[in-house]
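Descriptive analysis of the structure
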Amino acid sequence: MKIGVLTGGGDCPGLNAVIRAIVRKSVNKNHQVVGIKNGWKGLIDGEYEELNINNITGILHRGGTILGTSRTNPYKKEKGVEKVKESLNKLKLDALIAIGGEDTLGVAYKLIKDGIKNIVGVPKTIDNDLSATDYTFGFDTAINIVTECIDRLHTTAESHHRIMVVEVMGRHAGWIATEAGMAGGADMILIPEIPIDIKEICAAIKKRHERGRTFSIIVVAEGATFKQDDMVLQEEKKDEFGHVRLGGIGQILAEKIEKITGYETRVTVLGHIQRGGSPTAFDRILGTRFGLKAVDLVLNKKFGRMVSLTGNKIIDVPLEDAVAKLKTIDMELYEMAKEFFG
Ligand code: F6P
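Keep in mind it's a predicted model, so treat the numbers as computed, not measured.

So, how was this worked out
Residues numbered from 1 in each chain as written. Predicted model: local features only at pLDDT ≥ 70, side-chain atom pairs only at ≥ 80, totals over all residues. Heavy atoms only, no water. Salt bridge = Lys/Arg side-chain N within 4 Å of Asp/Glu carboxyl O. Helix = DSSP H or I, 4+ residues; strand = E, 2+ residues; numbered from the N terminus. Buried < 20%, exposed > 50% of the residue type's maximum accessible area, 1.4 Å probe, protein only. Domains from an automatic or database assignment. Contact = heavy atoms within 4.5 Å. Buried area = accessible area lost by both parts, 1.4 Å probe. Near = heavy atom within 4 Å. Polar contact = N/O pair within 3.5 Å; in protein donor to acceptor, adjacent residues only side chain to side chain. Areas by Shrake-Rupley, 256 points an atom, 1.4 Å probe, with all protein chains shown as cover. 1 Å grid on protein atoms, 1.4 Å probe; cavity = no way out; pocket = protein on both sides within 12 Å on 5 of 7 lines; lining within 4 Å. Sits in = over half its atoms within 2 Å of the grid points. Nonpolar A, V, L, I, M, F, W, Y, C, P; charged D, E, K, R; others polar.

On to the pattern of salt bridges. Using the criterion set out here, one finds 13 salt bridges in the structure. Here Asp316 ties to Lys293 by a salt bridge, and the two come within 3.9 Å at their closest N and O atoms. With a gap of 23 residues between them, Asp316 in strand β11 (residues 313-318) and Lys293 in helix α9 (residues 281-299) connect regions that are remote in the sequence. Lys293 gets classed as partly exposed once you look at its relative accessible area, which sits at 21%. Where Asp316 meets Lys302, a salt bridge forms, and the shortest distance between an N and an O atom there is 3.2 Å. Pair noted here: Asp316 is in strand β11 and Lys302 is in the loop between α9 and β10 (305-310), with a separation of 14 residues, a long-range link. For Lys302, a relative accessible area of 35% gives the class partly exposed. Each of the salt bridges in this network shares a partner with another, and the network as a whole consists of Lys293, Lys302, Arg305 and Asp316.

Right, let's talk about the domain arrangement of the chain for a bit. Interface extent is often summarised as the accessible area lost during association of the parts. Domain parsing of the chain yields domain 1 (2-138 + 279-323) and domain 2 (140-275). The gap between the C-alpha centroids of domain 1 and domain 2 is 33 Å. Taken together, the 23 residues of domain 1 in the interface contact 18 residues of domain 2. If you sort the residues of domain 1 by the area they bury against domain 2, Arg71, Ile126 and Asp127 come out on top, with a joint share of 34%. One salt bridge connects Asp11 with Arg275, and the closest N-O pair in it is separated by 2.9 Å. Elements that contribute at least two residues to the side of domain 1 that touches domain 2 include exactly α4 (102-113) and α9.

A word on the site of the ligand. Every residue near the ligand is listed here: Arg71, Ile126, Asp127, Met169, Gly170, Arg171, Glu222, His272 and Arg275. Between His272 and the ligand, the recorded distance is 3.0 Å, taken from a side-chain N or O atom to an oxygen atom. Arg275 is positioned such that a nitrogen or oxygen atom in its side chain is 2.8 Å from an oxygen atom of the ligand. Considering the ligand on its own, with 400 Å² of exposed area, one finds that the protein chains cover 82% of that surface. Here the ligand is seated within the largest pocket. Looking at the shell around the ligand residue by residue, the classes come out as two nonpolar, two polar and five charged. Residues lining the shell around the ligand come from more than one domain, with at least three contributed by each of domain 1 (2-138 + 279-323) and domain 2 (140-275).

Here you go:
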């Protein structure tokens, strides 16, 4: 078989582990692999290269993706879908493995409905917001990076008796904030799923300071919003998929907290640091397992499916289930995190 593979959307650690596993398993079974450059853009522009044992060697520990990525949506480009179809015909691919998050896999699902049936999905994103899988790879690396940053902020916050607001990624789901906040011992975690009540937050911080803890670590997810209507967020810039570019809530929150409590408050926006660098062992293994399973699905012609981590097993689920709705935070987990607030 001739199998195409692409990585789309925001990069994340573990993508190369998936690519390596796909190529190793396919080549071991005498199949051919073509790497499509820069996500769906590569099929529009006709950019691809053959992948073999030699050009995937030494990539397991490397962050990012050797194939490059983009947020290009063929459905939003003139003749985009036509060009994708042309490239697929020209390449004579028997199957395509799309590695991506909600957007990339959303396109895969649409293409299947539009007649390009032989597609299999692999879930990636640091946000962990894809349904039908317990975890996406990239998330574990991101929360480990954030946890280390929170640890570092703790020591300086304590020395200076300051409040530290830490803004983390995660889009409209509070997974990174909650899990990294729990691991880092945050004193408050603010997530998109629960609008922020600024007065309540400040009262809790004051109470904590009154009992002698003269510093606080507040983790806020980039997608969090305020309950109070008068607290307007940043102006809306959009990416190629039409999603609002998030970021900036940390600064607004820090200013409000300082004004209301009178405590010195600083903000750290972790940004793309959370997506860079080497994957953790967990993400390397999860990416490897996903890649191997994706090849199984292709060889067994189980198209329209996505590999998934359910419990500790790698299974396959309908791609449709993964893109149907966003996986927001598990409230039971958030309630556990709340025990440590204040
Ligand atoms: O989806 C992954 C993610 O890192 C989000 O957490 C964040 O909102 C977004 O991508 C940032 O996108 P970009 O890299 O395009 O700035």
